[in-house]
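# Descriptive structure summary
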Amino acid sequence: MKKISKRYTIATKSILLGANSYWEGVDFKKVQHDMVIVTQLPFESPDRADVKLRQNNLTNPFKEDTLPRALIRFQQGFGRLARKENSKGVFVVLDPRFYESPYATLFQKKFA
């Protein structure tokens, strides 16, 4: 990841495709992002062992754990685009759940 990070930081025009690493703290402090395209909302897989263990004793794992964690990750991802008050960029969300799900307004409020 270090090599990719270095190349991305020094490039004048570049595209970086990322997955979980974008949501999990890879940060490019010196780079001004012009556009972020989100193909899927950042929900953790319920099949992961650590997620199953963490949610084992919860009454409503989605509402109590999965959704709040996804909202935080989403807000952090958006924050990478809008670093300063005068930052400009485009944040595109392609996942239909952002518009159509019962929890869509919770994600949309992160832009307010």
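As shown above, the structure is provided for reference.
Residues numbered from 1 in each chain as written. Predicted model: local features only at pLDDT ≥ 70, side-chain atom pairs only at ≥ 80, totals over all residues. Heavy atoms only, no water.

### Considering the overall build of the protein
To be explicit about the condition: Put simply, DSSP H or I for four residues or longer makes a helix, DSSP E for two residues or longer makes a strand, and each gets a number counted from the N terminus. Throughout, a residue-residue contact means that at least one pair of heavy atoms, one from each residue, lies within 4.5 Å. Here the accessible surface of atoms and residues is derived via Shrake-Rupley with a 1.4 Å probe, and residues count as covered only by protein chains that are part of the display.
Per the secondary structure count, the protein includes 6 helices and 2 strands. Relative to all contacts within the protein whose residues are 6 or more apart in sequence, the contacts with residues 24 or more apart total 62%. In the form shown here, the protein has an accessible surface area of approximately 8300 Å², with 54% of it arising from carbon and sulfur atoms.

### Examining a nonpolar patch on the surface
Basically, it comes down to this: Each patch is built from residues that are more than 30% exposed by relative accessible area and take part in no salt bridge. Like charges join if they lie within 9 Å; nonpolar side chains (Val, Leu, Ile, Met, Phe, Trp, Tyr) join within 5 Å. Salt bridges are counted wherever a side-chain nitrogen of Lys or Arg sits within 4 Å of a carboxyl oxygen of Asp or Glu.
Together, M35, I37, V90 and L94 give the surface a local cluster of nonpolar side chains, amounting to about 380 Å² of exposed area. Tracing the chain through its elements places M35 in strand 1 (residues 35–38).

### Here we look at the environment of F91
Stated precisely, the cut-off is as follows: Here's how the labels work: a residue is buried when its accessible area is under 20% of the maximum for its type, exposed when over 50%, partly exposed in between, all with a 1.4 Å probe on protein chains only.
By secondary structure assignment, the location of F91 is in strand 2 (residues 90–93). Its relative accessible area of 15% is what places F91 among the buried residues. It is 4.9 Å that separates the C-alpha atoms of F91 and V36, two residues lying 55 residues apart in sequence.

### A look at the nonpolar core
Our working rule: Take the buried Ala, Val, Leu, Ile, Met, Phe, Trp, Tyr and Cys residues and link them wherever side-chain atoms come within 4.5 Å; each set so joined is a nonpolar core.
Counting 14 residues, the largest nonpolar core has L41, F43, F74, F91, V93 and F107 as its most contacted members. Counting residues per element, the ones that place at least two in this core are strand 1, helix 4 (61–81) and strand 2. Residue contributions to this core peak at 5 residues, all from helix 4.

### As for the side chain of E44
Rules: Polar contacts, as counted here, are pairs of nitrogen or oxygen atoms within 3.5 Å of one another; within protein the pair requires one atom able to donate a hydrogen and one able to accept it, and residues that are adjacent in sequence qualify only if both atoms are side-chain atoms.
Within the element layout of this structure, E44 appears in the loop between strand 1 and helix 3 (49–55). Given the relative accessible area of 16%, E44 is considered buried. For E44, the side chain forms a polar contact with the side chain of R54, separated by 2.4 Å. Apart from the residues within four sequence positions on either side, E44 is in contact with V51, R54, R69 and R73.

### Observations regarding the packing of aromatic side chains
Quick note on the threshold: Ring geometry is summarised as follows: Phe, Tyr and Trp rings, the Trp one being its six-membered ring, pair when their centres sit within 6.5 Å, and such pairs are stacked at plane angles under 30 degrees, edge-to-face over 60 and tilted between the two.
Counted according to the given criterion, the structure contains 10 aromatic pairs. Consider the rings of F43 and F107, whose centres lie 5.8 Å apart with planes at 75°: the pair is edge-to-face. Within this pair, whereas F43 is found in the loop between strand 1 and helix 3, its partner F107 is found in helix 6 (residues 104–108), the two being separated by 64 residues in sequence. Taken together, a centroid distance of 5.4 Å and an interplanar angle of 50° make the contact between F62 and Y103 tilted.

### Side note on the pattern of salt bridges
Scanning all chains against the criterion turns up 6 salt bridges. As a salt-bridge pair, D65 and R69 come within 2.8 Å of each other at their nearest N and O atoms. On the criterion of helical spacing, the pair formed by D65 and R69 is a turn pair, its members being 4 residues apart in helix 4. When its relative accessible area of 34% is taken as the criterion, R69 is described as partly exposed. In this structure, the salt-bridge partner of R97 is D95, at a minimum N-O distance of 2.5 Å. Each of E44, R48, D50, R54, D65 and R69 takes part in a single network of salt bridges with overlapping partners.

Treat this as a map of the structure, not an account of what it does.
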